[in-house]
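So you can see what is in the structure, the chains are spelled out below.
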Amino acid sequence: MNQQPGISGLIFNEPLLWDKSRKGRCAMSLPKQDVDRASLDKDLTSDAPDLPQLSELDVVRHYTRLSQWNFGVDSGMYPLGSCTMKYNPKTNEVQAARKGFAGAHPLAGDEFSQGSLKLMYNLEQYLAKLTGFEAVTLQPAAGAHGELTGMLIIHAYFAKQGKQRSKIIIPDTAHGTNPASAALCGYTPVNVKSGPKGILEPETIAAAMDEDTAGIMVTNPNTLGLFESNIKKITDIVHSKGGLVYGDGANMNAIMGIVKPGEIGIDVLHLNLHKTFSTPHGGGGPGSGPVAVGKLLEPFLPVPRVVKELDSYKFIFDCPDTIGKIHTFYGHFGIMVRAYSYILSMGSKGLLDTSKLAVLSANYIKESLKGTLNLPYDMPCMHECVFNDEIQQKNHITTLDMAKRLLDYGFHPPTIYFPLVVHGAFMVEPTESESKEDIDQFIDAVKAIAKEACETPEKLKKAPFRTKVTRLDEVTAARKPCLKG
């Protein structure tokens, strides 16, 4: 891989800590020993570990420099479509760090966990009200885990009926993890194509739905950023054949406060708290993917359940039809605090405005870049818009080339090559977090890159130029990854 040389005294090629090590340097001072010295058993001793010897300044500068190479939502616009990298309000972090929450122990018992239990109970109630469902579980540790939980609930429902089904319908505009979640529960995914307008057609679902099909997994709004306007007809078709409708609610941030999935025929829905409720996203977790269900499926929710009795709260396990426990303890509590903080901070009007602004921002980008990039589905979008590289292909410039060049303009690239239904996809989601000024800068950058694609295409093929690591040899990087430097 190519690395930029040092510029203006900044050291971009930061060495490893072992390379910086100099004998005798120390970054810490231990307090004076206040106990008698004792010898360790020989079985507990060995050669000292080979650790780098560094001064405090060495350590601080090393990790500060590394942090400055990262790009995150606190650095600039992060327009990843289908992922929703929205701003994480700092008040959420303050609330999650409060001693009573941060210091709570999951084995403390109900009597000593009333504050935490109350928060979880209230959060479940809020999410149920926002989505139009009867009950919610906070146990799932991520969106994909929520999908799996939802499908396990559907599987348990049919087992209870005495006749398990074998198939599940999955549209080409569903989220990519849907087929795996269905397959893990023993269902065979049946892929169906969306119509010419990018949404599902009732006739297609009617042809695929039979008495051996458990139902459908539908993402709404879908991964093209379009609302499935035929959803009620589709849910009626599935229900008429005894099936159930799983709703992938990952894109709830586009319809929150406007549409309640539980009131339009969805039977079970998962939510991504990072997408809609501003909790951190990425970095390996922790995450949270709550699942909401109607009264029909409530008995199958995982245990424990949080219930309120008079003025106190407790966990209950006595639920005969439950799918069981799906997570150690009760999910990732710190993430729940952040989502709860967000809901209370925003209020009902603020949550509604969030959806309106997310949709407005996406449509503004769509209309502004229409003609600069090809727009396969020219319809009003929801939270995200999907372009492709058809116009740039005449100069042999690909979506990847444009995404790489965006780095030089100070923007994280959008999602590329997904959804697969659009060849060379360039998917943009601004979220409600970004100001018009920032969105305009992004639009201007894309237009400038499109101009470069016409005038200096070879430049784009070598981009980026200003990042620490420049254009990689993609094939070599995949076959011989450098995992050390």
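Residues numbered from 1 in each chain as written. Predicted model: local features only at pLDDT ≥ 70, side-chain atom pairs only at ≥ 80, totals over all residues. Heavy atoms only, no water.

**As for the overall build of the protein chain**
Link 1 in the chain: Secondary structure summary: the protein chain contains 15 helices and twelve strands in total.
Link 2 in the chain: Its C-alpha radius of gyration of 26 Å places the protein chain within 12% of the 23 Å reference for a compact globule of 485 residues.
Link 3 in the chain: Taking the principal axes of its C-alpha atoms as reference, the protein chain extends roughly 75 × 70 × 45 Å.
Link 4 in the chain: The 485 residues of the protein chain split such that 48% are buried. (Helix = DSSP H or I, 4+ residues; strand = E, 2+ residues; numbered from the N terminus. Rg over C-alpha atoms; globule rule 2.2 N^0.38 Å. Buried < 20%, exposed > 50% of the residue type's maximum accessible area, 1.4 Å probe, protein only.)

**Quick word on the confidence of the model for the protein chain**
Link 1 in the chain: Residues with a pLDDT of 70 or more make up 97% of the protein chain, whose mean pLDDT is 93.
Link 2 in the chain: The model gives residues 5-10 a pLDDT under 50, and that stretch makes three contacts with residues more than four places away or in other chains. (pLDDT = per-residue confidence, 0-100. Contact = heavy atoms within 4.5 Å.)

**Observations regarding the nonpolar core**
Link 1 in the chain: Leu127, Ile216 and Phe277 are the most contacted members of the largest nonpolar core, which has 50 residues in total.
Link 2 in the chain: Broken down by secondary-structure element, the contributors of at least two residues to this core are helix 5 (114-131), helix 8 (202-208), strand 4 (213-219), helix 9 (231-240) and helix 11 (333-369).
Link 3 in the chain: When residues of this core are assigned to their parent elements, the largest contribution, ten residues, is made by helix 11.
Link 4 in the chain: Residues within four places of isoleucine 216 in sequence aside, it is in contact with Ile168, Ile169, Pro171, Leu200, Ile205, Ile234, Val238, Leu244, Val245 and Tyr246. (Core = buried A, V, L, I, M, F, W, Y, C linked by side-chain atoms within 4.5 Å.)

**Details of the pattern of salt bridges**
If charged atoms from side chains of opposite charge come close, those side chains can pair.
Link 1 in the chain: Following the criterion strictly, the structure yields 22 salt bridges and no others.
Link 2 in the chain: A salt bridge links glutamate 134 to lysine 295, with the shortest nitrogen-to-oxygen separation between them at 3.9 Å. Taken together, the residues glutamate 134 in the loop between helix 5 and strand 1 (135-137) and lysine 295 in the loop between strand 7 (291-293) and strand 8 (305-309) connect sequence positions 161 residues apart.
Link 3 in the chain: Looking at glutamate 134, the relative accessible area reads 44%, which means it is partly exposed.
Link 4 in the chain: Exposure remark for lysine 295: the relative accessible area of 59% places this residue in the exposed category.
Link 5 in the chain: Each member of the salt-bridge network shares a partner with another, and the members are Lys366, Glu367, Lys370 and Asp378. (Salt bridge = Lys/Arg side-chain N within 4 Å of Asp/Glu carboxyl O.)

**Regarding the packing of aromatic side chains**
Link 1 in the chain: Tallied over the entire structure, the rule returns eight aromatic pairs.
Link 2 in the chain: Ring plane angle 55 degrees and centroid distance 5.8 Å describe the contact between phenylalanine 71 and tyrosine 78, whose orientation is recorded as tilted.
Link 3 in the chain: Among the residues examined, phenylalanine 71 registers a relative accessible area of 31% and is labelled partly exposed.
Link 4 in the chain: When the ring of tyrosine 121 is compared with that of tyrosine 313, the centres are 5.5 Å apart and the planes differ by 55 degrees; the resulting orientation is tilted. Remark: tyrosine 313 occurs in strand 9 (residues 312-316) and tyrosine 121 occurs in helix 5; sequence separation between them is 192 residues. A single burial state applies to tyrosine 121 and to tyrosine 313, both of which are buried.
Link 5 in the chain: Here the aromatic cluster, defined as three or more aromatic residues joined through ring pairs, consists of Tyr157, Phe158 and Phe300.
Link 6 in the chain: Stacked on the ring of tryptophan 69, the Lys or Arg lysine 468 has its end atom at 4.6 Å from the ring centre. (Phe/Tyr/Trp six-rings, centres within 6.5 Å; stacked < 30°, edge-to-face > 60°. Lys NZ or Arg CZ within 6 Å of the ring centre and 35° of its normal.)

**Quick look at the sheet that holds strand 4**
Link 1 in the chain: Taken together, the seven strands give an open sheet; going across it, the order is 1-7-6-5-4-2-3, and neighbouring strands pair in mixed fashion. Each having just a single partner strand, strand 1 and strand 3 (188-192) make up the two edges of the open sheet. For this sheet, the mean inter-axis angle between neighbouring strands, taken without regard to orientation, is 25 degrees.
Link 2 in the chain: Sitting on the sheet, helix 5 is in contact with strand 1, strand 6 (268-270) and strand 7, with an inclination near 125 degrees to strand 1.
Link 3 in the chain: Packing of helix 6 (residues 143-161) onto the sheet brings it into contact with strand 2 (167-171), strand 4, strand 5 (244-248), strand 6 and strand 7, and relative to strand 5 it is tilted by some 175 degrees. (Pairing = 2+ DSSP bridges. Axes fitted to C-alpha atoms, helices over the stretch in contact; angles between N-to-C directions.)

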